[in-house]
Amino acid sequence: MTGRNLPPLSLHVPEPAFRPGDTVDFADFDMPVAGAVRRPPVDAGPADLRDMPYAMVRVLDDEGRAQGPWDPRLAPETLLKILRSMALTRAFDERLYRAQRQGKTSFYMKCTGEEATSVGAAHALDYDDMCFPSYRQQGLLIARDWPIVDMINQIYSNRADRLKGRQMPIMYSVRQASFFSISGNLTTQYPQAVGWAMASAARGDTRIAAAWCGEGSTAEGDFHSALTFAAVYRAPVILNVINNQWAISSFSGFAGAEATTFAARAIGYGIAGLRVDGNDALAVYAATQWAADRARNNHGPTLIEHFTYRAEGHSTSDDPTKYRSAEEGGKWPLGDPIARLKKHVVGLGIWDEERQAAMDLEVAELVKAAQKEAEKNGILQDGLKQSFDSMFEDVFEEMPWHLKEQSAQMHDERKAAGI
């Protein structure tokens, strides 16, 4: 037999560093130095950026000081607004998580520990830049000051739900805030964002697009189709990958994290790639601003990997203690994004612990009041709040004959049943 003296072939199966019950020790984590990564000009060619996906853009050091060329040097009021947006996002998550546990809604997803990846980006983008989010970017809407009462109405699928109960809770759609409809199918938003950006460029507009997906979703075909079109047509789009280390039950190694970085996928497509400390709001802001300037000046798309950590479960349907160590979240070496930005502004002398405590209380009360207002319109336990007729509406400009026929049949059957 040919090769009879060779060892048998084997497969490598990725395995996370820590499993339930393990003691967590990130001593081997290679902590990148804040401020050490160069900041290339926005018109740099992709060939001149090949080192960037393997580095990590960091601005805040362990003492909360801003370092290096990526420091965006934001005004005090902007820093405090980013801090408040992240605190409000976390307060929103906490209350709506409890609402799900109380049976007021069927489902919820928190973004605890990942707030900077959406809030920092939102503040670096223009309000009319179109965002194509995944299901953990509620911070985009909150940073754009969208009324949280409206968000809660959608979560409850009540009579004031702008989506008329047609979407799962947390799958918002707000055209007025340049927030594209969330899809439960992974990474569909990537080709949508690239197509929107191409249309904007074809019209001679000035608006760009930005999309978000999780690291596991980079294995989807839509991800690669989107990057192909973005590269070929130099679409004015920012493609964000949120590497929070875990899918619903499998770690990032199954998506390729052991072999390379997710930002490195940009190299094969000939586009710019950045890898960013996703728990550093200033680094996220700076990277997004750089990518936005690049897109607006017709230098093409940018893929940004936000290296962060999903501190809690994938959703209210998930129990992360079944597949990862309970110690991981608290020992994550890049820390908590809110605590890190708070330390920075306190160090600048524009903030203090007393004002932080007062703000935390204020945003918690704000969400509580919004929840009470939304509950006047109904909750899940109250049953269906939308008219049965609404299931036939809003798809066609004029209802076609077959839907009219089905609607009439529905009314006849409901009447015969005494409903």
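Our structure's up above, just so we're on the same page.
Residues numbered from 1 in each chain as written. Predicted model: local features only at pLDDT ≥ 70, side-chain atom pairs only at ≥ 80, totals over all residues. Heavy atoms only, no water.

Novice: What is the right way to read the pattern of salt bridges from this model?
Specialist: Across all of its chains, the model carries 28 salt bridges by this definition. For the salt bridge of Arg38 with Asp51, the shortest nitrogen-to-oxygen distance reads 2.8 Å. Taken together, the residues Arg38 in the segment before helix H1 (76–101) and Asp51 in the segment before H1 connect sequence positions 13 residues apart. According to the relative accessible area criterion, Arg38 is partly exposed, its value standing at 37%. For Asp352, the salt bridge identified is with Arg355, shortest N-O distance 3.1 Å. Relative accessible area serves as the criterion here: at 24%, Asp352 is assigned to the partly exposed category. Overall, Arg355 belongs to the partly exposed group, its relative accessible area being 38%. (Salt bridge = Lys/Arg side-chain N within 4 Å of Asp/Glu carboxyl O. Helix = DSSP H or I, 4+ residues; strand = E, 2+ residues; numbered from the N terminus. Buried < 20%, exposed > 50% of the residue type's maximum accessible area, 1.4 Å probe, protein only.)

Novice: Hey, could you run me through empty space enclosed by the protein in this one?
Specialist: Gaps left between atoms are located by rolling a probe of water-molecule size over the structure's atoms. Within the structure shown, the criterion is met by one cavity of 30 Å³ or more. By volume, the largest cavity amounts to about 30 Å³. In the lining of the largest cavity, the residues fall into two nonpolar, six polar and no charged. (1 Å grid on protein atoms, 1.4 Å probe; cavity = no way out; pocket = protein on both sides within 12 Å on 5 of 7 lines; lining within 4 Å. Points joined across faces, edges and corners; volume = space filled by probe spheres on them. Nonpolar A, V, L, I, M, F, W, Y, C, P; charged D, E, K, R; others polar.)

Novice: How should the layout of surface pockets be read in this particular structure?
Specialist: In this structure, the largest pocket encloses a volume near 750 Å³. Surrounding the largest pocket, 30 residues form its lining, Phe29, Gln245, Ser252, Phe307 and Trp332 being those nearest its centre. Considering only residue class, the lining of the largest pocket consists of 16 nonpolar, six polar and eight charged.

Novice: Which parts of the structure should I look at to understand the side chain of Lys110?
Specialist: Assignment of secondary structure puts Lys110 in the loop between H1 and helix H2 (115–124). With relative accessibility at 7%, the residue Lys110 sits in the buried group. A distance of 3.0 Å separates the side chain of Lys110 from the side chain of Glu94, its partner in a polar contact. Once you skip the residues sitting within four places of it in the chain, Lys110 turns out to touch Asp93, Glu94, Tyr97, Arg136, Gln138 and Glu312. (Polar contact = N/O pair within 3.5 Å; in protein donor to acceptor, adjacent residues only side chain to side chain. Contact = heavy atoms within 4.5 Å.)

Novice: Help me understand the environment of Arg90, please; the structure alone is not making it clear to me.
Specialist: Along the chain, Arg90 falls in helix H1. Sequence spacing of Arg90 and Thr112 is 22 residues, and the spatial spacing of their C-alpha atoms is 6.4 Å. Excluding its chain neighbours within four sequence positions, the residues that come into contact with Arg90 are Thr112, Gly113, Glu115, Asp336, Pro337 and Ile338. Among the polar contacts listed, one links the side chain of Arg90 to the side chain of Glu115, at a separation of 2.9 Å.

Novice: How should helix H10 (residues 337–348) be read in this particular structure?
Specialist: Along an α-helix, a turn takes 3.6 residues, which lines up residues three or four apart on a common side. Taking 1.5 Å as the rise per residue, H10 with twelve residues should run 16 Å; its terminal C-alpha atoms sit 17 Å apart, in good agreement. Inspection of H10 places Pro337, Ile338, Arg340, Leu341, His344 and Val345 among the buried residues, and these make up the whole buried set. Down the axis of H10, the smallest arc covering the buried residues is 165 degrees, so these residues share one side. Contact partners of the buried residues in H10: H1, H2, strand E4 (272–277), helix H8 (281–296) and helix H11 (353–375). By the N-cap criterion, in which a side-chain oxygen at the helix start approaches the backbone nitrogen of a residue two or three places on, H10 is capped by Asp336, the distance to Ile338 being 2.9 Å. One or two residues past the end of H10 sits Gly349, with phi positive at roughly 85 degrees. (Expected span 1.5 Å × (residues − 1). Arc of directions from axis to C-beta.)

Novice: Explain the sheet that holds strand E2 (residues 209–214) to me, please; I cannot follow it from the model alone.
Specialist: Strands pair in a sheet through their backbones, by hydrogen bonds, and they do so in one of two ways: parallel or antiparallel. On the basis of which strands lie adjacent, the open sheet formed by five strands has the order E1-E2-E3-E5-E4 and parallel pairing. At either margin of the open sheet sits one strand with a lone partner, and together these are strand E1 (130–132) and E4. Put simply, the sheet's adjacent strands are angled 20 degrees from each other on average, direction ignored. With three bridges connecting them, E1 and E2 associate as parallel partners. Residue pairing for E2: Phe132 is matched across the bridge by Ala211. Contacting strand E3 (237–243), E4 and strand E5 (302–307), H8 runs over the sheet at an angle of about 165 degrees to E4. (Pairing = 2+ DSSP bridges. Axes fitted to C-alpha atoms, helices over the stretch in contact; angles between N-to-C directions.)

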